[in-house]
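Structural characterization, general
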Amino acid sequence: MKFPREKRESRTVAQPPPEAAQRVDGGGPWGPTQFDLPDRNGSNSQAILIVSLIGIVILLVIAGLWALAYFQFT
């Protein structure tokens, strides 16, 4: 069963505040954002390193707890 498509007129839902035209700092018309994205030509190797180190630490903690439980209860 096919329904006909509704025709809707496009309209602006929200507009940035009027003082946004003078803003020069990052984040666009709504002001600075929580996260600064890296440049297109830049690398995010530091973020990859931090996430990898946190993952390794979490895996080591899990392995340590497993080993402790294994040798404690056997």
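Placed above this text is the structure.
Notes on the structure in this doc start here.

What counts and what doesn't
- In every chain, residue numbers begin from 1 and rise along the written sequence.
- Reporting of local features is limited, given that this is a predicted model, to residues whose pLDDT is at least 70; pairs of side-chain atoms are given and counted only at 80 or more, and all residues count toward the totals for whole chains, interfaces and linings.
- With hydrogens and water excluded, all non-hydrogen atoms of the structure serve as input to the side-chain values.
- Any carboxyl oxygen of Asp or Glu that lies within 4 Å of a side-chain nitrogen of Lys or Arg is treated as forming a salt bridge with it.
- Burial here depends on accessible area, computed with a 1.4 Å probe over protein chains only, as a share of the maximum for the residue type. Under 20% is buried, over 50% is exposed, and the range in between is partly exposed.
- Stacked, tilted and edge-to-face are the three classes assigned to paired rings of Phe, Tyr and Trp, where Trp is represented by its six-membered ring and a pair needs centres within 6.5 Å; plane angles under 30 degrees give stacked, over 60 edge-to-face, the rest tilted.
- Secondary structure elements are taken from DSSP: a helix is a run of H or I of four residues or more, a strand is a run of E of two residues or more, and numbering for both begins at the N terminus.
- Each patch is built from residues that are more than 30% exposed by relative accessible area and take part in no salt bridge. Like charges join if they lie within 9 Å; nonpolar side chains (Val, Leu, Ile, Met, Phe, Trp, Tyr) join within 5 Å.
- Shrake-Rupley sampling with a 1.4 Å probe provides the accessible areas, and residues are treated as covered by the protein chains on show and by no other component.

Brief notes about the pattern of salt bridges
Per the counting criterion, the structure on display carries one salt bridge. Glu6 is the partner of Arg8 in a salt bridge, and the nearest nitrogen-oxygen pair spans 3.8 Å. Glu6 shares its class with Arg8; the two are exposed.

Re the packing of aromatic side chains
One pass over the full model with this rule turns up two aromatic pairs. Look at Trp66 and Tyr70: their rings are 5.2 Å apart centre to centre, the planes differ by 15 degrees, and that puts the pair in the stacked class. Of this pair, Trp66 and Tyr70 both sit in helix α1 (residues 45-72), four residues apart, which is roughly one turn of that helix. In this structure Trp66 comes out as exposed when scored by relative accessible area, which is 58%. Taking 5.2 Å as the distance between ring centres and 80 degrees as the angle between the ring planes, the aromatic pair formed by Tyr70 and Phe71 counts as edge-to-face. Using a relative accessible area of 41% as the deciding quantity, one classes Tyr70 as partly exposed. Three or more aromatic residues joined by ring pairs make a cluster, and in this case those are Trp66, Tyr70 and Phe71.

Notes on a nonpolar patch on the surface
Residues Ile50, Ile54, Ile58, Leu59 and Ile62 make up a contiguous nonpolar surface patch of about 500 Å² in total accessible area. Residue position: Ile54 is located in helix α1.

These figures capture arrangement, not role.
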